[in-house]
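# Observations on chain architecture
Next come the chains, spelled out residue by residue.
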Amino acid sequence: MAEVAVAKKGEAPVVKGGTKVNAGTIAEPFREEIRLKVKKLKEAGIDAPLLVGLLANTDPSAKQYAEWTGKTLKADGLRYELRTLDDPIDVEASLRECNDDPNVHGIIVYYPIFGQVESFSGASQDDYLRDTVSHKCDVEGLCHTYRTNLYRNVRFLDYPSNTQKCLLPCTALSVVKILEHVPTCYDQTKPTGRHMEGQTVTVINRSEIVGRPLAAMLANDGADVYSVDVESIYLFRGGRLYKCSDDETVESCVRKSSVVVTGVPTKSYRLPTEWIQEGTTVVNVASFKNVDETLLLKIPGVTYIPMVGKVTVAMLERNLMRLYENFHHPDVRLKAMAADRAHAAGEDKEEEVTNQRQPWYGHPIQLYNAVALTAVLVISLMRSK
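My aim in this report is to walk through the structure given alongside it, one point at a time. (Residues numbered from 1 in each chain as written. Predicted model: local features only at pLDDT ≥ 70, side-chain atom pairs only at ≥ 80, totals over all residues. Heavy atoms only, no water.)

## Things to note about the overall build of the protein chain
Across its full length, the protein chain holds 12 helices and 13 strands. Put simply, 59% of the contacts in the protein chain that link residues at least 6 apart link residues at least 24 apart. Roughly 21,500 Å² of accessible area belongs to the protein chain as shown, and the carbon and sulfur atoms make up 54% of that amount. (Helix = DSSP H or I, 4+ residues; strand = E, 2+ residues; numbered from the N terminus. Contact = heavy atoms within 4.5 Å. Areas by Shrake-Rupley, 256 points an atom, 1.4 Å probe, with all protein chains shown as cover.)

## Let's talk about the sheet that holds strand β10 (residues 240–243)
Pairing in this open sheet of eight strands is mixed, and the strands run β3-β13-β12-β11-β7-β8-β9-β10 from one edge to the other. In this open sheet, the two edge strands, each paired with only one partner strand, are β3 (19–20) and β10. Pairing of strand β8 (residues 224–228) with strand β9 (residues 233–237), which is carried by four bridges, proceeds in the antiparallel orientation. The residue bridging V228 from the neighbouring strand is I233, located in β9. Contacting β11 (259–262), β12 (281–284) and β13 (303–305), helix α6 (residues 170–181) runs over the sheet at an angle of about 150 degrees to β12. Along the sheet, helix α7 (residues 211–220) contacts β7 (200–204), β8, β9 and β11; its crossing angle with β9, the most-contacted strand, is approximately 35 degrees. (Pairing = 2+ DSSP bridges. Axes fitted to C-alpha atoms, helices over the stretch in contact; angles between N-to-C directions.)

## With respect to helix α4 (residues 125–132)
The complete set of buried residues in α4 reads Q125, D126, L129, R130 and T132. End-on, the buried residues of α4 take up no more than an arc of 160 degrees, which puts them together on one face. Residues of α4 that are buried in the fold lie against α3 (91–100). (Buried < 20%, exposed > 50% of the residue type's maximum accessible area, 1.4 Å probe, protein only. Arc of directions from axis to C-beta.)

## A look at the state of the cysteines
Tallied over the full model, the rule gives zero disulfides. Looking at C137, it has no disulfide partner, and the nearest cysteine sulfur is the one in C98, 7.9 Å off. Judged by its relative accessible area of 2%, C137 falls in the buried class. C253 provides the cysteine sulfur closest to C244, a residue in no disulfide bond, and the two sulfurs are 5.8 Å apart. (Disulfide = S-S within 2.5 Å.)

## Regarding the pairing of β9
Counting the residues in the hairpin turn of β8 and β9 gives four residues. Linkage of β9 to β10, two consecutive antiparallel strands, is achieved through a turn of two residues, within which G238 is found at a positive phi near 55 degrees.

## Quick look at the packing of aromatic side chains
A complete count under the given rule lists two aromatic pairs for this structure. Measuring from centroid to centroid gives 6.5 Å for Y65 and W68, while their planes differ by 70 degrees, and the two rings are edge-to-face. Here Y65 pairs with W68, and both are found in helix α2 (residues 60–75), just three residues apart, close to one helical turn. A relative accessible area of 35% means that W68 is categorised as partly exposed. Owing to a relative accessible area of 23%, Y65 belongs among the partly exposed residues under this scheme. The rings of Y65, W68 and Y110 are connected pair by pair, giving a single aromatic cluster. Lying over the aromatic face of Y111, R130 brings its terminal NZ or CZ to 4.2 Å of the ring centre. (Phe/Tyr/Trp six-rings, centres within 6.5 Å; stacked < 30°, edge-to-face > 60°. Lys NZ or Arg CZ within 6 Å of the ring centre and 35° of its normal.)

## Let's talk about the sheet that holds strand β6 (residues 106–110)
What the three strands build is an open sheet, ordered β5-β4-β6; its pairing is parallel. Looking at the sheet topology across the chains shown, the edges are occupied by β5 (79–84) and β6. Sheet twist, expressed as the average angle between the axes of neighbouring strands with direction ignored, equals 20 degrees. As paired strands, strand β4 (residues 50–55) and β6 are joined by five bridges and run parallel to one another. In the sheet register, V52 faces β6, and the bridge partner there is I107. Each of β4, β5 and β6 is contacted by α2, which is oriented at about 160 degrees to β5, the strand it contacts most.

## Thoughts on the pattern of salt bridges
Tallied over the full model, the rule gives 21 salt bridges. Ionic pairing is found between R130 and D127, a salt bridge with its closest N-O pair at 2.6 Å. Of the two residues, R130 and D127 are both situated in helix α4; the distance of three residues between them amounts to about one turn of the helix. Given the relative accessible area of 13%, R130 is considered buried. (Salt bridge = Lys/Arg side-chain N within 4 Å of Asp/Glu carboxyl O.)

## With respect to the nonpolar core
In terms of nonpolar packing, the biggest core is built from 64 residues, with L218, V225 and V283 touching the most fellow members. If you tally residues by element for this core, the top one is helix α10 (residues 309–328), at 10 residues. Beyond its immediate sequence surroundings of up to four residues, L218 is in contact with V176, L179, Y186, M196, V201, A223 and V225. (Core = buried A, V, L, I, M, F, W, Y, C linked by side-chain atoms within 4.5 Å.)

Here's what the structure looks like:
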C-alpha cells in the first residue's frame, strides 16, 4: 500500500510511493456472478456448462495452468474435463470431435503444441488449430470469427439484433477488467468506444494471444496504444495501425504513457523504473516479473498489478457461460430448432406455391420453341405434297 506522510494543518496529505493490487479481489465479483448463474441452472434441473481442455505438450507451466483452471472452475460449480493426448498429431481430430459433441460447451487448447512449425494450410500449425475451434465452443476467443470481429471492432455476432456478444481473448480481457477497476484508467461516464479517450498506453508484447488483441481492444476504447516487440513499434489508434519512426523508442513510449503493460516471457528482462512516471498504472502479464517491484512502488501514485492469472481464469469462466447462453442452453437450442423447422417449411411452401403458379407449358421459352417447331414441321409437310 502507499505510504501517506503526515501533513501540516490545512495541507493535503502527501503520497509516498505506489499501491500494489491483488488480482484476486478484482476476480471475485466475476466468479460470484458465475456461481449465481450455475445455481440457477441447477435449480432448473440443468447441468452446468462443460469445458474440455486439450493438453498435448510436456510444458510444466501448461500442465499447471490446466490443473489450476480445473480447480477454479469446479470450485465455482462449472464442469471441467482434461483430455491428455500423447501425440500432438491427434489434437486436431480430438478438437473436431469436441466441436461436434453437443455435450461440450467450451474448448481450451493448451499451447504451445507445435510452436511455429508450418502446416499444410500455410500458417503455423498452432494458428491452424486455433482457427479449427468452432466459434460456438471457442472459450479463448481466438478463432478467426472472434479475431476478425475484434480487429474490425464488431462487438456482436447477430447484427442487427445485437443479442449475442462476441468473445474476447481471456488474458487481454483480464487486463481490460483490471484497468476498469483502476479509477484513473477507464472513464465509464463516456460513451462506449471512448472510455480511455485521452490515455496513452504502452504494451510491451505483440503476440497473437495477448499483446496484439490487447492493443486493439484498448484502441477500440479510445486510447493511443504503442505496441512494442523486439523489432518494431506500432501505434494503434482509432482502428488503424501506424508504423512509428526510428525516433520513437521503448523509453519514449513508456515515459508518455499513463498505462504500461509488460508481457516479456524472459526471466532476465527488467523494465527500467526510471522511465515510469508518477501516477502510472503498471500491469505485468508475463509469467516472470518484468519490473523491479521494490523500486516501482517507490514512485508516487503508481498502481501495480503483478499478476493477472486469477482474473484471466475468471474471464475464462465468463466466456464459457457466454458461449452456453449464446448457443448451448436448452432454451436456445429449442428456439434454433424451431427456427430451422420454420425455415425448412417456408422453403417447402415456397416451392409448392411456385409449382402451382407454373403454367402447364412450363417456361415461355419452352412454349415458343414448341410452336416454332410445329410451324416448321407443318410447312415442310405442305411442301412435300
